[in-house]
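If you want the building blocks of each chain, they are given just below.
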Amino acid sequence: MNIRTSVIAFVVAGFLAGATVDAQSQLNIVTSTEDLASITRDVGGDKVAVTALAKGYQDPHFVEPKPSFILAVNRAALYIAIGRELEIGWLPPLITSSRNARIQPGANGYLDASLNVRILEILTGQITRAMGDVHPLGNPHYWLEPGNGRLIAQAIRNKLGELSPADRAYFAQRYDDFDRRLTAAEKRWDVTMAPYKGTKLVTYHRSWPNFMERFGLEVMGYVEPKPGIPPSPVHTLELIDEMKRGGVKLIVVEPYFSLKTPQAIANQVPGGQVLILAPSVGGVKEVTDYVQLFEYNVNLLAGALKKATGK
Ligand SMILES: [Zn+2]
């Protein structure tokens, strides 16, 4: 064997050894969003290999499936979904065409993260998609509340322990650490947001009810007439009127919406301000994990509220 072939043999052997170790020790997990991926990495540590399908800067209701998604889902031992029909437009065909029995809904390897969290805006009476409302089963943006993040982490801890019983203690210890970090951070965020309790604001989409309720803020209107429906002139004029009457200045926008209408509204309202917050990990480049998601949004929002309220 000359030097060149022995180098190649060494590289190939190393690759195979690495692949074997990965296959033996790491659970292959695919999540719908980067928020779920972040929490899964927090709890799963080096026992998991996690891929998120929707990027944080994409509207999670409308994700364009890529061929790589099918491959990722086909290999997964566990799929973690947001649920509440957030992914109704793109996930079901993907799961079906993955030909992976382990992660079909109802199977052991499918976890709907919405099942044990607090869901707001659950409609009573007949469930309808009137006018294209994309929140027919209650608000699916529930991860934007640290308390729900904790509940998601608990469900993931339990599921990982079920799929990999030998690592149960490891997942429990990782969860406890996540819980401690989140609890410490929440105390900080509460102090930062305390002066602005009761302040009213507007958001583009209904992404923030859990977040705003958690920090004592009141959403008095939306740029969208209904979730998933683009702004209309009539609705926009009504909103400007309501904002003027209520002295409301702040419009929160998700990074994937056009700023045109929000900016036009802000220009019509005394002291009007448009603020882009990150609805998900990866929504802006600074936000790389679940705790940072709140750190970033709380600090940015507090800065804007300080300007708006003078407090
Ligand atoms: Zn939505």
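Here goes a summary of the coordinates provided. Keep in mind that this is a model prediction, so the values were computed, not measured.

### Observations regarding the packing of aromatic side chains
For any pair of aromatic rings, geometry is given as the distance between the ring centres together with the angle between the planes.
Moving on, step 1. Per the counting criterion, the structure on display carries 11 aromatic pairs.
Moving on, step 2. Ring centres of Y290 and F294 lie 5.1 Å apart, and the angle between their planes is 75°; this geometry places the pair in the edge-to-face category. Of this pair, Y290 and F294 are both found in helix α10 (residues 290–309), four residues apart, which corresponds to roughly one turn of the helix. Side by side, Y290 and F294 carry an identical accessibility label, which is buried.
Moving on, step 3. Here a set of aromatic residues connected by ring pairs shows up, and it is made of F178, W189, W208, F211, F215, Y290 and F294.
Moving on, step 4. K47 extends its terminal NZ or CZ atom over the ring of Y170, reaching a point 5.3 Å from the ring centre.

### Observations regarding empty space enclosed by the protein
Take a probe with the size of a water molecule and roll it over the atoms, and the empty space left behind shows itself.
Moving on, step 1. Enumeration over the complete set of coordinates arrives at one cavity of 30 Å³ or more.
Moving on, step 2. By volume, the largest cavity amounts to about 30 Å³.
Moving on, step 3. Taken together, T33, E34, A54, K55, G56, Q58, P60 and S280 make up the lining of the largest cavity.
Moving on, step 4. Its residues assigned to classes, the lining of the largest cavity comprises two nonpolar, four polar and two charged.

### Quick notes on the coordination of the zinc ion
Moving on, step 1. Around the zinc ion, the protein supplies H61 (NE2), H135 (NE2), H141 (NE2) and H205 (NE2) as donor atoms, at distances of 1.9 to 2.0 Å.
Moving on, step 2. Its four donor atoms give the zinc ion angles of 105 to 112° at the centre, a pattern that matches the tetrahedral case.
Moving on, step 3. Coordination of the zinc ion draws on donor residues from a single chain, spaced H-x73-H-x5-H-x63-H in sequence. One end of the pair, H135, is in the loop between β4 (110–112) and α5 (146–163); the other, H205, is in the loop between β5 (200–203) and α7 (209–214), with 70 residues separating them in the sequence.
Moving on, step 4. Take H205: its relative accessible area is 2%, and that puts it in the buried class.

### Focus on the nonpolar core
Moving on, step 1. In this structure, I152, L160, F211, L293 and L301 are the most contacted members of the largest nonpolar core, which totals 56 residues.
Moving on, step 2. Residue contacts for L293: discarding those within four places in its chain leaves D35, W143, L144, A278, P279, S280, V281 and V287.
Moving on, step 3. Grouped together as the second largest cluster of nonpolar side chains are 16 residues, L53, A54, V63 and F69 included.

### A few points about the pairing of strand β3 (residues 78–81)
Moving on, step 1. Because side chains alternate across β3, one face comprises the buried residues L78 and I80, and the other comprises Y79 and A81, equally buried.
Moving on, step 2. The pairing of strand β1 (residues 27–31) with β3 spans three bridges and is classified as parallel. When the bridges of β3 are listed, T31 appears paired with I80.
Moving on, step 3. Of the pairings in the sheet, the one linking β3 to β4 comprises three bridges and is parallel in character.

Definitions and limits used
Residues numbered from 1 in each chain as written. Predicted model: local features only at pLDDT ≥ 70, side-chain atom pairs only at ≥ 80, totals over all residues. Heavy atoms only, no water. Phe/Tyr/Trp six-rings, centres within 6.5 Å; stacked < 30°, edge-to-face > 60°. Helix = DSSP H or I, 4+ residues; strand = E, 2+ residues; numbered from the N terminus. Buried < 20%, exposed > 50% of the residue type's maximum accessible area, 1.4 Å probe, protein only. Lys NZ or Arg CZ within 6 Å of the ring centre and 35° of its normal. 1 Å grid on protein atoms, 1.4 Å probe; cavity = no way out; pocket = protein on both sides within 12 Å on 5 of 7 lines; lining within 4 Å. Points joined across faces, edges and corners; volume = space filled by probe spheres on them. Nonpolar A, V, L, I, M, F, W, Y, C, P; charged D, E, K, R; others polar. Donors = N, O, S within 2.8 Å, 3.2 Å for Na, K, Ca; no water. Tetrahedral: all angles 85-135°; square planar, octahedral: opposite > 155°, others 65-115°. Core = buried A, V, L, I, M, F, W, Y, C linked by side-chain atoms within 4.5 Å. Contact = heavy atoms within 4.5 Å. Pairing = 2+ DSSP bridges.

The values reported here are purely geometric and, on their own, carry no functional implication.
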